[in-house]
Amino acid sequence: MSRTVKSLTVAALAAAALTLVPLTSEATTTEAATSDLSVLSAGDGTVSGAIEWFQNRNGSSAYEGMCEKAVENAYGTTGVWSSANAHWEGASPKHAGDHNPPRGAFVYWNIGGGYGHVGISDGAGGFWSTSVNNKIGHVTKAMGGYDYFGKYRGWTPAAVPSR
């Protein structure tokens with residue numbers, strides 16, 4: 001199955017799921033309806049494409065509360081992992097506590113809510129992520145690097161997310 005067909009299939013399944021499981025609040029409904037969350041806006045599956053995807057959305061609040069969706073979309077897919085915690089638990093090899101991830105690696109935090117948090121390493125001690133001042137942003141090493149959110153877990157290799 002081609003990548004385009006897979007992407008379109010995932011988008012159709014996601015749309016069908018939204019009709020079965022309604023959003024819980026009016027604010028969420030409005031945000032989801034007006035935000036850029038389509039799999040069709042996904043990156044090209046490369047490290048450079050994933051970084052560029054985040055750079056192009058710098059300052060956007062469209063993905064707040066959806067860090068896993070953001071990193072998956074940045075790599076050209078969606079719907080692989082249910083949360084950052086699930087991604088961390090399922091991905092390998094893990095480099096727990098290592099503050100030197102390569103460019104494009106997934107970086108993880110064990111933060112509240114049971115979902116965790118994930119971003120993409122810039123390879124220079126910082127990362128791209130959602131929830132940087134409530135928006136997509138770039139945290140540099142000078143801003144605290146991987147300790148920015150606290151409870152840093154570590155990293156897993158750069159790759160198109162898959163189980």
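Up top is the structure.
The written sequence of each chain sets the order in which its residues are numbered from 1. Confidence filtering applies because this is a predicted model: local features only for residues at pLDDT of at least 70, side-chain atom pairs given and counted only at 80 or more, and all residues used for totals across whole chains, interfaces and linings. Hydrogens are left out, water is left out, and the side-chain values use all remaining heavy atoms of the structure.

**Q** Could you give an account of the overall build of the protein chain, naming the residues involved and the relevant values?
**A** On a plain count of helices and strands, the protein chain comes out with 5 helices and 6 strands. Exposure is judged per residue with a 1.4 Å probe applied to protein chains only, and the accessible area is read against the type maximum: over 50% gives exposed, under 20% gives buried, and values in between give partly exposed. Counting across all 163 residues of the protein chain, residues that qualify as buried make up 40%. For the protein chain, restricting intrachain contacts to residue pairs at least 6 apart in sequence, the fraction spanning at least 24 positions comes to 61%. All accessibility values rest on the Shrake-Rupley procedure with a 1.4 Å probe; residue burial counts only the protein chains present in the view. Accessible area of the protein chain: about 8300 Å², with a carbon and sulfur share of 56%. Secondary structure elements are taken from DSSP: a helix is a run of H or I of four residues or more, a strand is a run of E of two residues or more, and numbering for both begins at the N terminus. Only heavy atoms matter for contacts: two residues are in contact if any of them lie within 4.5 Å across the pair.

**Q** Account for helix 4 (residues 67–74), naming residues and giving values.
**A** Of all 8 residues making up helix 4, 7 are buried, and the element is well covered by its neighbours. Among the structural elements, helix 3 (47–56), helix 5 (84–90), strand 2 (106–109), strand 3 (117–121) and strand 4 (127–132) are those in contact with the buried residues of helix 4. Once helix 4 finishes, G76 follows within two positions and takes phi at roughly 90°, a positive value.

**Q** I'd like a rundown of the sheet that holds strand 1 (residues 95–96), residues and numbers included.
**A** What the 6 strands build is an open sheet, ordered 1-6-2-3-4-5; its pairing is antiparallel. Unpaired on one side and paired on the other, strand 1 and strand 5 (135–139) mark the two borders of the sheet. By definition, two strands form a pair when at least two bridges between them are found by DSSP. In the sheet, strand 3 pairs with strand 4 via 2 bridges, with the strands oriented antiparallel. By the bridge assignment for strand 4, S121 is matched with F127. Axis definition: a line fitted to C-alpha atoms, limited for helices to the stretch in contact. Angles are taken between N-to-C directions and run from 0 to 180 degrees. Strand contacts of helix 3: strand 3, strand 4 and strand 5, with the helix running at about 35° to strand 4, the strand carrying the most contacts.

**Q** Account for the packing of aromatic side chains, with residues named and values stated.
**A** Two rings from Phe, Tyr or Trp (for Trp, the six-membered ring) form a pair when their centres sit within 6.5 Å of each other. Planes less than 30 degrees apart are called stacked, planes more than 60 degrees apart edge-to-face, and all others tilted. Taken as a whole and judged by the stated rule, the model has 12 aromatic pairs. Note on F127 and Y148: the rings are 6.3 Å apart at their centroids and 70° apart in plane angle, and the pair reads as edge-to-face. Of the two residues, F127 is situated in strand 4 and Y148 in the loop between strand 5 and strand 6 (152–156); the sequence distance between them amounts to 21 residues. Judged by relative accessible area, Y148 falls into the partly exposed class, the value being 28%. Between F127 and F149, the aromatic rings sit 5.7 Å apart at their centres with planes inclined by 40°, giving tilted as the arrangement.

Honestly, it's all geometry; don't read function into it.
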